Amino acid sequence: MDEEWRVSLIAGDQLDSGKPPFANSICDLLRSRAGEDVSVSAGKTGVFLYAATADAAATAEGMAREVLAQQGLVADIRLDRWDPSRQAWLPPGDVAATEVPSGQEQGPGHKRLRAAGGVVLGIIDGLGSADF
């Protein structure tokens, strides 16, 4: 899976006992409507729909909004994309912002690494031309 997208349904009236009160019933409804390209799960913080593509995630988000409205339920709905470099779910715009445009340095650590690489190459070159 090259891309991974998540639609989160977070209820405001979560019980201390774990899953939000609507989780089980809403999961069943979402599973019955979701296609093969969307998986549905419930956790302590809400209900989650996972998709491999942005299009499938957008469709899942629309379906979730429709199901919640039909059931008279309210939840905070968020669309996120997995950012493997940060190992975190981020809003789609934030993922693009974390990527460094080509030709630009990636930060002070990257500069130090390049400098160290230059020193190592200098040592190797010096060893190659040394008389033994």
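What you see is a predicted model, and the numbers here were worked out from it, not measured in a lab.

Novice: Would you explain the nonpolar core in this entry?
Specialist: Here is a general trend for soluble globular proteins: nonpolar side chains tend to be buried in one another's company. Counting residues in each nonpolar core, the largest one holds 24 residues, and the members touching the most others are Leu-9, Ile-26, Leu-30, Val-38, Val-40, Val-47 and Leu-49. Looking at this core, the elements that each hand over two or more residues are strand 1 (5–10), helix 1 (23–33), strand 2 (38–42), strand 3 (47–51) and helix 2 (54–71). Among all residues touching Val-38, those that are not within four sequence positions of it are Leu-49, Tyr-50, Ala-51, Ala-56 and Ala-60.

Novice: Hey, could you run me through the environment of Leu-79 in this one?
Specialist: Topologically, Leu-79 is positioned in strand 4 (residues 76–83). The exposure class assigned to Leu-79 is partly exposed, which follows from its relative accessible area of 24%. Sequence spacing of Leu-79 and Trp-89 is ten residues, and the spatial spacing of their C-alpha atoms is 9.2 Å. For Leu-79, the residues in contact, after removing those within four places along its chain, are Trp-5, Arg-6, Val-7, Ala-57, Glu-61, Pro-91 and Pro-92.

Analysis parameters
- Residues numbered from 1 in each chain as written.
- Predicted model: local features only at pLDDT ≥ 70, side-chain atom pairs only at ≥ 80, totals over all residues.
- Heavy atoms only, no water.
- Core = buried A, V, L, I, M, F, W, Y, C linked by side-chain atoms within 4.5 Å.
- Buried < 20%, exposed > 50% of the residue type's maximum accessible area, 1.4 Å probe, protein only.
- Helix = DSSP H or I, 4+ residues; strand = E, 2+ residues; numbered from the N terminus.
- Contact = heavy atoms within 4.5 Å.

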